[in-house]
Amino acid sequence: MNRYQRELNPEQCEAATHLNGPLLILAGAGSGKTRTIIYRTVFLLEQGVAHENILAVSFTNRAVREMEERVAGMLNSSGIVKKLTMSTFHALGVRILRRDIEALGYPKRFTIYDEGDQLSLLRRAMKEHRVSEKDYDPKMIRGLISNAKNEFEEPGDVRDPLLRKLYKKYDELLRVSGAVDFDDLIRLPVRLLNEHEPCLQYWAGKFRQIMIDEYQDTNQVQLLMAQKLASIHNNICVVGDDDQSIYGWRGSNVENIRQFDKSFPGAKIVKLTQNYRCSGNILEAANHVIAKSPGRYAKKLWTDQPAGEKIGMKVLLNEADEAKYIVKEVSRLRYEEGFKWSDMSIMYRTNAQSRSFEELLRRERVPYRLIGGTKFFDRKEVRDVVAYLKVIHNSDELALRRVLNYPPRKIGTTTMDRITSETKARECSFYEVCEDIENVEKIGKTQKAAISDFVSLIRKCRERITSKENLSSVAKDLIQFLRFHQLLYKEYEKLSEAKRRIENVESLVNSIAEYETGDKKTSLSDYLERITLDSTDSDRDKAGDEVTLITLHGAKGLEYPVVFLAGVEEGFMPYFRGSEGVEDLEEERRLCYVGITRAKKKLYITRADMRRRFGKTLEREPSRFLSDIPKECWVWLANKKAKLDLSEGQKDQLFKNFFTDMQSMLNKK
DNA sequence: CGCCAATTATTTTTT
DNA sequence: ATAATTGGCG
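Just so it is clear, the structure is predicted and the values come from calculations on it, not from any experiment.

With respect to the overall build of chain A
So, point 1. Check the secondary structure of chain A and you find 29 helices and 19 strands.
So, point 2. Taking 26 Å as the expected radius of gyration for a compact globule of 669 residues, we find that chain A reaches 27 Å, a close match to that expectation.
So, point 3. For chain A, with 669 residues in total, the buried portion stands at 52%.
So, point 4. In chain A, 78% of the contacts between residues at least 6 apart in sequence involve partners at least 24 apart.

Examining the layout of surface pockets
So, point 1. Space inside the second largest pocket adds up to approximately 490 Å³.
So, point 2. Around the second largest pocket sit 20 residues that line it, and Arg124, Val176, Ser177, Glu397 and Ser429 are the ones nearest its centre.
So, point 3. Secondary-structure elements contributing two or more residues to the lining of the second largest pocket are strand 4 (111–113), helix 7 (115–128), helix 9 (161–176), helix 20 (413–426) and helix 21 (430–435).
So, point 4. Of the residues forming the lining of the second largest pocket, the biggest block, 4 residues, is contributed by helix 9.

Some words on the environment of arginine 35
So, point 1. With respect to the helices, strands and loops of the structure, arginine 35 is situated in helix 3 (residues 33–46).
So, point 2. Remark: the alpha-carbon pair of arginine 35 and lysine 556, spanning 521 residues in sequence, is separated by 16 Å.
So, point 3. Discounting residues that sit within four places of it in the chain, arginine 35 has contacts with Glu7, Leu8 and Arg70.

Points about the pattern of salt bridges
Two side chains with opposite charge may pair up if their charged atoms get near one another.
So, point 1. In total, this model carries 61 salt bridges according to the counting rule given.
So, point 2. Glutamate 397 is the salt-bridge partner of arginine 124, the closest N and O atoms lying 3.4 Å from each other. Separated by 273 residues along the polypeptide, arginine 124 in helix 7 and glutamate 397 in helix 19 (residues 397–403) bring together distant segments of the chain.
So, point 3. The closest approach of N and O atoms between lysine 299 and aspartate 241, which form a salt bridge, is 3.2 Å. Linking lysine 299 in the loop between helix 15 (280–291) and strand 9 (311–316) with aspartate 241 in the loop between strand 7 (236–240) and helix 13 (255–258), this pair joins segments that are 58 residues apart in sequence.

Here's the deal with the confidence of the model for chain A
So, point 1. Residues at a pLDDT of 70 or more form 93% of chain A, whose mean pLDDT is 88.
So, point 2. Here residues 641–646 scores under 50 on pLDDT; set against residues more than four positions off or in separate chains, the count is 4 contacts.
So, point 3. Residue range residues 664–669 is modelled with pLDDT below 50. Its contacts to residues more than four positions away, or to other chains, number 3 contacts.

Side note on the packing of aromatic side chains
So, point 1. A full pass over the atoms with the stated rule returns 16 aromatic pairs.
So, point 2. A ring pair is formed by tyrosine 4 and phenylalanine 43, whose centres lie 5.5 Å apart and whose planes are at 90°; its orientation type is edge-to-face. Remark: phenylalanine 43 occurs in helix 3 and tyrosine 4 occurs in helix 1 (residues 3–7); sequence separation between them is 39 residues.
So, point 3. Accessibility expressed as a relative area gives 9% for phenylalanine 43, which makes it buried.
So, point 4. With centroids separated by 4.4 Å and ring planes inclined at 15°, the aromatic side chains of phenylalanine 564 and tyrosine 604 adopt a geometry described as stacked. One end of the pair, phenylalanine 564, is in strand 13 (residues 560–565); the other, tyrosine 604, is in strand 16 (residues 599–608), with 40 residues separating them in the sequence.
So, point 5. Looking at phenylalanine 564, the relative accessible area reads 0%, which means it is buried.

Focus on the sheet that holds strand 2 (residues 54–58)
So, point 1. Here we have 6 strands laid out as an open sheet, ordered 3-2-6-7-1-8, and parallel in their pairing. Edge positions in the sheet fall to strand 3 (85–88) and strand 8 (268–272), since each has one partner strand and no second. Adjacent strand axes in the sheet meet at a mean angle of 15° when their direction is disregarded.
So, point 2. Note that strand 2 and strand 3 share 4 bridges and pair parallel. In the strand pairing of strand 3, serine 58 is matched with threonine 88.
So, point 3. Contacts between helix 3 and the sheet are confined to strand 1 (23–27), strand 2, strand 3, strand 6 (209–212), strand 7 and strand 8, with strand 6 contributing the most and set at about 170° to the helix.

What counts, and where the lines are drawn
- Residues numbered from 1 in each chain as written.
- Chains lettered and ligands numbered in written order.
- Predicted model: local features only at pLDDT ≥ 70, side-chain atom pairs only at ≥ 80, totals over all residues.
- Heavy atoms only, no water.
- Helix = DSSP H or I, 4+ residues; strand = E, 2+ residues; numbered from the N terminus.
- Rg over C-alpha atoms; globule rule 2.2 N^0.38 Å.
- Buried < 20%, exposed > 50% of the residue type's maximum accessible area, 1.4 Å probe, protein only.
- Contact = heavy atoms within 4.5 Å.
- 1 Å grid on protein atoms, 1.4 Å probe; cavity = no way out; pocket = protein on both sides within 12 Å on 5 of 7 lines; lining within 4 Å.
- Points joined across faces, edges and corners; volume = space filled by probe spheres on them.
- Salt bridge = Lys/Arg side-chain N within 4 Å of Asp/Glu carboxyl O.
- pLDDT = per-residue confidence, 0-100.
- Phe/Tyr/Trp six-rings, centres within 6.5 Å; stacked < 30°, edge-to-face > 60°.
- Pairing = 2+ DSSP bridges.
- Axes fitted to C-alpha atoms, helices over the stretch in contact; angles between N-to-C directions.

See the structure below:
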């Protein structure tokens, strides 16, 4: 018996030791998916596939890091892992583009625009075409353009004349800015692979073995990319679970995984159906919820674990009571049942639901970490500082427009518009006009002085950076010089709000300093690219002993001994979007399934009868998915009586817990 | 152009 | 409920 047979179950082993031809690994929730692909990577290396010929792609930086760490752990060498290409789809796209993008007429040193940048650019496109933002919501148009790009449609392919016009203009603006958006990071590499033979030869030749994780989340253009990359060696292994496809509203197409053997003829399919995560009752409930889903691969997860505890259901009066109940239960599990804080997770559908839990957890001094919400680098105050860095880096016009009058320098729309028209007259960049502002007509004296001060500020920062000064110290001085703190105090009435934002600005400086420590070569452009491609809060992954608050989407791929599914009501699960009602009921069902299958030992399902939303009180009904959970799997939870008579062992535990709590509190300060 | 008051949107989200 | 945006006025 070899190592693979010994350490994997028969299905996992079959998948891990598959060598040639397309392979689909249908990996049910908790079926040891990651384990299987780690073993397969090692297997490939053992079979003599060279490191540089292996590509592993996933969606999130977190998943990539996990894969890297676990492969390194198995090989006892992190040096080898560096030669494997493990990457997100988007980071891989960047690599392909950095090599050959000039063939498409973009500059080699293109910049990457995130969603916010996209929106600013689109607004300008709409302005130029005199399309009113009142008539057409830029966010919606952005979504439509994004859909078109993800379907690999060029502007000319778009039916709707208005959309065609805006898409075209938007792409033109990207081009003159020397920028690409997130969607382009997949779409343009596909164009290169299609149109530029040397590019195809290089990449499709290089990757003899390709693995793609979370394949159920791929969209049309990602499928095209996969097909192109696999077109020479035809060794593509995708891993995923159609039951966990929850990103359809972002353009992912569950049919990609359901029709895998159509995209890659002759594909072998291996199903991993043994679940190692959930106890019996939890898995039983999950199986019943998902069973109704139409068009899925037939598979029923099974476990050899005992039935375990039944799922606890609880109905509360309102969201405050729901939070009270859960937080009390969390504490009880910690102090009476010996769970760690980090064993427990509270999950909900929308980020806004986290608030009531946060407030109470803070009040009760329960350590928690909140995952998701407005991402760190999307916060206004952080974006403002980053915009300065972008201006310093390459005079990026969008960034420049953002900060030219922030902090206020008496430069308003009139002046901005005049500069814009000057760029057209002179056929030069926005920044170049600013540099030569003295010779621009019709600009006020005050404005001219302000702009030339601004330009010399940027110049000074550039000089300091080219003379190898630390980025973080330049940023620090810049913030001080701009009197950013005072600005924030002025901008926010609430002192606590201003302080929070100042903290964020400080965290940004810390993030730069952290980036600079270590022996890797660092540069401003590399830092900026990193934060657009990997917006992971640097402290998000550091695991302390904390209760996790997370949305169902964020929880995919995670597991906890104890899960609280909160707000399991019509409106949240399934989610009602505005007046349109449910967007995709089946996807909502899958989301519910994802939530249930996160729990290993204990699952609580709670809901409230009433809820305040946008300041109005609403009556809430139980989620329709609850009726699919068999009666034998769950029980109503009563209010717990305080336990008065503790055993000696329990008292001892309580004391220990108290002690470690104090310790961690002190460490934090 | 800056400031204040009124108005309006915001609550799925890997990159 | 709250933060961000917009519109009118000085």
